[in-house]
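Read off the chains here:
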Amino acid sequence: MPRCFIYAAGTFYGLRERPRPGDLQIAADAGLLLCQQEGLRPDLVIGDFDSMELEGTPEGCVRVPVEKDDTDTMLAIREGLKRGCTEFHLYGGTGGARLDHTLANLQGLAFLCRHGARGYLYDRDFVYTVIENDTLILPRQVDWGLVSLFSMEGKAEPITLEGLQYPLTGGTLTADFPLGVSNHFVSDTARITAGNGLLLAGWQLPPLS
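Owing to the predicted nature of the structure, the values given are computational and were not obtained by experimental measurement. (Residues numbered from 1 in each chain as written. Predicted model: local features only at pLDDT ≥ 70, side-chain atom pairs only at ≥ 80, totals over all residues. Heavy atoms only, no water.)

Applying the stated rule across the entire model yields zero disulfides. Free of any disulfide, Cys 35 has its nearest neighbouring cysteine sulfur in Cys 4, separated by 11 Å. Looking at Cys 85, it has no disulfide partner, and the nearest cysteine sulfur is the one in Cys 4, 4.8 Å off. For Cys 85, a relative accessible area of 3% gives the class buried. (Disulfide = S-S within 2.5 Å. Buried < 20%, exposed > 50% of the residue type's maximum accessible area, 1.4 Å probe, protein only.)

Attention now goes to the pairing of strand E9 (residues 146-151). Here two bridges tie E9 to strand E12 (residues 183-184), and the two strands are oriented antiparallel to one another. Bridge pairing in E12 places Val 147 opposite Asn 183. Pairing of E9 with strand E14 (residues 199-204), which is carried by five bridges, proceeds in the antiparallel orientation. Within E14, the position partnered with Leu 149 by the bridge is Ala 201. (Pairing = 2+ DSSP bridges. Helix = DSSP H or I, 4+ residues; strand = E, 2+ residues; numbered from the N terminus.)

Our focus in this paragraph is the packing of aromatic side chains. Taken as a whole and judged by the stated rule, the model has four aromatic pairs. Summarising the aromatic geometry, the rings of Tyr 91 and Tyr 122 are spaced 4.5 Å apart at their centres and angled 5° between planes, so their arrangement reads as stacked. Residue Tyr 91 is found in strand E5 (residues 87-91), and its partner Tyr 122 is found in strand E6 (residues 118-123); the two are separated by 31 residues along the sequence. Looking at Tyr 91, the relative accessible area reads 1%, which means it is buried. Pairing Phe 126 with Tyr 128 gives two aromatic rings, centres 5.5 Å apart and planes at 40°, and the pair type is tilted. (Phe/Tyr/Trp six-rings, centres within 6.5 Å; stacked < 30°, edge-to-face > 60°.)

Regarding helix H1 (residues 31-38), the residues found buried are Gly 31, Leu 32, Leu 34 and Cys 35. End-on, the buried residues of H1 take up no more than an arc of 155°, which puts them together on one face. The exposed residues of H1 that point more than 90 degrees off its buried face are Gln 36 and Gln 37. One or two steps after H1, the chain reaches Gly 39, where phi turns positive at roughly 70°. (Arc of directions from axis to C-beta.)

Below, the discussion takes up the side chain of Thr 73. Structurally, Thr 73 can be placed in helix H2 (residues 72-82). Once you skip the residues sitting within four places of it in the chain, Thr 73 turns out to touch Ile 6, Ala 8, Ala 28, Leu 90 and Asn 105. (Contact = heavy atoms within 4.5 Å.)

Scanning the model with the defined rule gives 13 salt bridges in all. Note that Arg 3 and Glu 17 form a salt bridge whose closest N and O atoms lie 2.8 Å from each other. With Arg 3 in the segment before strand E1 (4-7) and Glu 17 in the loop between E1 and strand E2 (24-28), this pair connects stretches of sequence that are 14 residues apart. Glu 79 is paired through a salt bridge with Arg 83; the nearest N and O atoms lie 2.8 Å apart. By relative accessible area, Arg 83 is classed as partly exposed at 43%. The network of salt bridges with shared partners includes Arg 3, Glu 17 and Asp 23. (Salt bridge = Lys/Arg side-chain N within 4 Å of Asp/Glu carboxyl O.)

Before going further, it helps to examine the environment of Phe 111. Within the secondary structure, Phe 111 is located in helix H3 (residues 99-114). Along the backbone, Phe 111 and Met 74 are 37 residues apart, and their C-alpha atoms lie at a distance of 9.1 Å. Setting aside its immediate chain neighbours within four residues, Phe 111 contacts Met 74, Ile 77, Arg 78 and Leu 81.

A few words on the sheet that holds strand E11 (residues 168-174). Here four strands make up an open sheet; going across it, the order is E8-E13-E10-E11 and the pairing antiparallel. Both edges of this open sheet fall to strand E8 (134-139) and E11, since each of them pairs with a single strand only. Ignoring strand direction, the axes of neighbouring strands in this sheet form an average angle of 25°. As defined by bridge partners, strand E10 (residues 155-162) adjoins E11 across four bridges and the pair is classed as antiparallel. Its bridge partner being in E11, Leu 161 is matched across the sheet by Leu 168. (Axes fitted to C-alpha atoms, helices over the stretch in contact; angles between N-to-C directions.)

Here you go:
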């Protein structure tokens, strides 16, 4: 199954996972600049191009109206799902000048989870994903590495945490209190098991050289 790599217009901190032959690569609007900077060749460029001047029409370019319900990144997510991708890697989806777009991209992870796919959103030395009725197994990559968990709707339960400084068995995380922030690895592997309710998980990565 091909993976989908989406390049957005936020801050780029370097590639953690590199596309392989057969993977789908999509530049969302000014994410095209990221691709040009890194020598990446997207299969599709999609956006309203209100955040950059588009010179000519790149091959595989889809221009959409500025006034629309989806962000450019969400349009890229929908296209990846349409093409059968179940694993998504999002770069340039955090930072920048727009906190609202970072929040929108975190919701994009939730959208992927509810549509049978798994998305990874890369920040500076951190990566986020969303799970529900699933177990996430994380290898420790940083000594005393951080792990943070947030409910993305009313509550997520039952939550069981193993291999972390603050373990939990059958607990509940709610969207109105950040109980799950700043946990730490104490074992080589951490297990995060989530029941009903979307659970956002973020964990620390080693710095890129």
